[in-house]
Amino acid sequence: MAFVMGILWARQTKTLNANSVDAAWALGFSGCSLIGLFSLRQGEIHWRSVLVTICIMAWSLRLGMYLLTTRVLTKKAEDGRYNRLRTENHWGQGSFFLMYQFQALLVAALATPIYAAMGQIGSQFRIWDALGIAVWIAAVFGEALSDRQLHAFLKIPENKGRTCQIGLWKYSRHPNYFFEWLHWWAYVLFAVGADNFALSLIGPALMLWFLIKVTGIPATEKQALRSRSDYAEYQKRTSAFIPWFQKP
């Protein structure tokens, strides 16, 4: 991941657009899951480790291809968070190099819960596996739906500069972030009973911290307040993270 992010960082020194980092972050989990699967010892590859690999790859490819096709291949203007970093930082390309490499490190850290889930080698199908599958389906469907609703809203020229408040976005200011966080709980459920079960908790804990406190909601909302006149009112009435009814 460090090598891949290094190549993409070099590319953005020419394009002056860092949107590629988000797509690479998502797609990187597909490679990590395959590495994890094929690094298992003989006898440890079984239906649950294959199921976990399929789940993480399906999530990774869905999100990664969505970001790739809507932000990178379309040559969309650079995300406001990265554009602000480009115009206001004093380290120049050094800041972007660190940002790309930090994303590589984050992929490696979040791969830990995947490996923990693969480490549950019991052959019996359990209630925890059923719950894990249910959470995974709900999370991936919810994230895909929120991405689709936002993309459809932004495609309408009259909506430029306005805040999306349709569908899931009526109940959460960041439904895509919520379902992305929920997705990591699936691997916690798959890992119940594994020797290294505690490592599975790294996923939802680390993701929640980054989304709530670091690179997710704080940066996105600052940019939204700067670029959309109706966002402050939307912010007052709508749940920040967990979908809920709007305030009157």
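The notes below deal with the structure included here. Since this is a predicted model, take the numbers as computed values, not measurements.

**Digging into the side chain of Glu221**
Link 1 in the chain: Note that Glu221 resides in helix H9 (residues 217-227).
Link 2 in the chain: Relative accessible area serves as the criterion here: at 7%, Glu221 is assigned to the buried category.

**Some details on the side chain of Asn176**
Link 1 in the chain: Tracing the chain through its elements places Asn176 in helix H7 (residues 175-190).
Link 2 in the chain: Judged by its relative accessible area of 15%, Asn176 falls in the buried class.
Link 3 in the chain: If we skip the residues at most four places from it in the chain, Asn176 touches Glu143, Ser146, Asp147 and Trp169.

**Quick notes on the nonpolar core**
Link 1 in the chain: Ranked by size, the top nonpolar core spans 54 residues in total, and within it Trp25, Phe29, Trp59, Trp184, Tyr187 and Phe190 carry the most contacts.
Link 2 in the chain: For this core, the elements supplying multiple residues, two or more each, are helix H1 (2-15), helix H2 (20-38), helix H3 (47-72), helix H5 (93-118), helix H6 (127-154), H7 and helix H8 (202-213).
Link 3 in the chain: A per-element tally of this core places H5 first, with 11 residues.
Link 4 in the chain: Residues within four places of Phe190 in sequence aside, it is in contact with Arg48, Leu51, Val52, Cys55, Ala117, Gln120, Arg126, Asp129, Gly132 and Ile133.
Link 5 in the chain: Core analysis: the next-biggest nonpolar cluster, separate from the first, contains 6 residues, Phe153, Ala224, Tyr231 and Tyr234 among them.

**Quick word on the environment of Tyr100**
Link 1 in the chain: Looking at where Tyr100 falls in the secondary structure, it is placed in helix H5.
Link 2 in the chain: On a C-alpha basis, the gap between Tyr100 and Met5 in space is 5.6 Å, while along the polypeptide they are 95 residues apart.
Link 3 in the chain: If sequence neighbours within four positions are ignored, Tyr100 has contacts with Met5, Leu8, Trp9, Gln12, Asn17, Ala18, Ser20 and Val21.

**Comments concerning the packing of H2 against H5**
Link 1 in the chain: Packing of H2 against H5 leaves a shortest axis separation of 9 Å and a crossing angle of 35 degrees. As for the relative orientation of H2 and H5, their crossing is right-handed in sense. Across the interface between the two elements, Ser20, Val21, Trp25, Gly28, Phe29, Cys32, Ser33, Ile35, Gly36 and Leu37 of H2 pack against Met99, Tyr100, Gln103, Leu106, Val107, Leu110, Ala111, Ile114, Tyr115 and Met118 of H5.
Link 2 in the chain: Along the lines of polarity and charge, the residues of the contact of H2 with H5 split into 15 nonpolar, 5 polar and no charged.

**Here we look at the pattern of salt bridges**
Link 1 in the chain: This model, assessed by the stated rule, comprises 11 salt bridges.
Link 2 in the chain: Linking Arg173 and Glu221 is a salt bridge whose minimum nitrogen-to-oxygen distance equals 2.7 Å. Of the two residues, Arg173 sits in the loop between H6 and H7 while Glu221 sits in helix H9, which places them 48 residues apart along the sequence.
Link 3 in the chain: Across the pair Arg237 and Glu233 runs a salt bridge whose closest N-O atoms are separated by 3.6 Å. Of this pair, Arg237 and Glu233 are both found in helix H10 (residues 231-237), 4 residues apart, which corresponds to roughly one turn of the helix.

**Re a nonpolar patch on the surface**
Link 1 in the chain: Judged by side-chain polarity, Leu34, Phe38, Ile45, Val50 and Ile54 come together as a nonpolar surface patch covering roughly 460 Å² of accessible area.
Link 2 in the chain: Sorting the residues of the nonpolar patch by element identifies H2 and H3 as the ones contributing at least two each.
Link 3 in the chain: Structurally, Ile54 is set in helix H3.
Link 4 in the chain: Residue classification places Ile54 among the exposed residues on the basis of a relative accessible area of 51%.

**Side note on unusual backbone geometry**
Link 1 in the chain: Even without a glycine there, the phi angle at Leu16 is positive, about 55 degrees.
Link 2 in the chain: The topology assignment puts Leu16 in the loop between H1 and H2.
Link 3 in the chain: For Leu16, a relative accessible area of 48% gives the class partly exposed.
Link 4 in the chain: In this structure, Lys75 takes a positive phi of about 55 degrees despite not being glycine.
Link 5 in the chain: Structurally, Lys75 is set in the loop between H3 and helix H4 (80-88).

Reading the values: rules and limits
Residues numbered from 1 in each chain as written. Predicted model: local features only at pLDDT ≥ 70, side-chain atom pairs only at ≥ 80, totals over all residues. Heavy atoms only, no water. Helix = DSSP H or I, 4+ residues; strand = E, 2+ residues; numbered from the N terminus. Buried < 20%, exposed > 50% of the residue type's maximum accessible area, 1.4 Å probe, protein only. Contact = heavy atoms within 4.5 Å. Core = buried A, V, L, I, M, F, W, Y, C linked by side-chain atoms within 4.5 Å. Axes fitted to C-alpha atoms, helices over the stretch in contact; angles between N-to-C directions. Left-handed = near helix turned anticlockwise from the far one by under 90°. Nonpolar A, V, L, I, M, F, W, Y, C, P; charged D, E, K, R; others polar. Salt bridge = Lys/Arg side-chain N within 4 Å of Asp/Glu carboxyl O. Patch = residues over 30% accessible without salt bridge, like charges linked within 9 Å, V, L, I, M, F, W, Y side chains within 5 Å. Areas by Shrake-Rupley, 256 points an atom, 1.4 Å probe, with all protein chains shown as cover.

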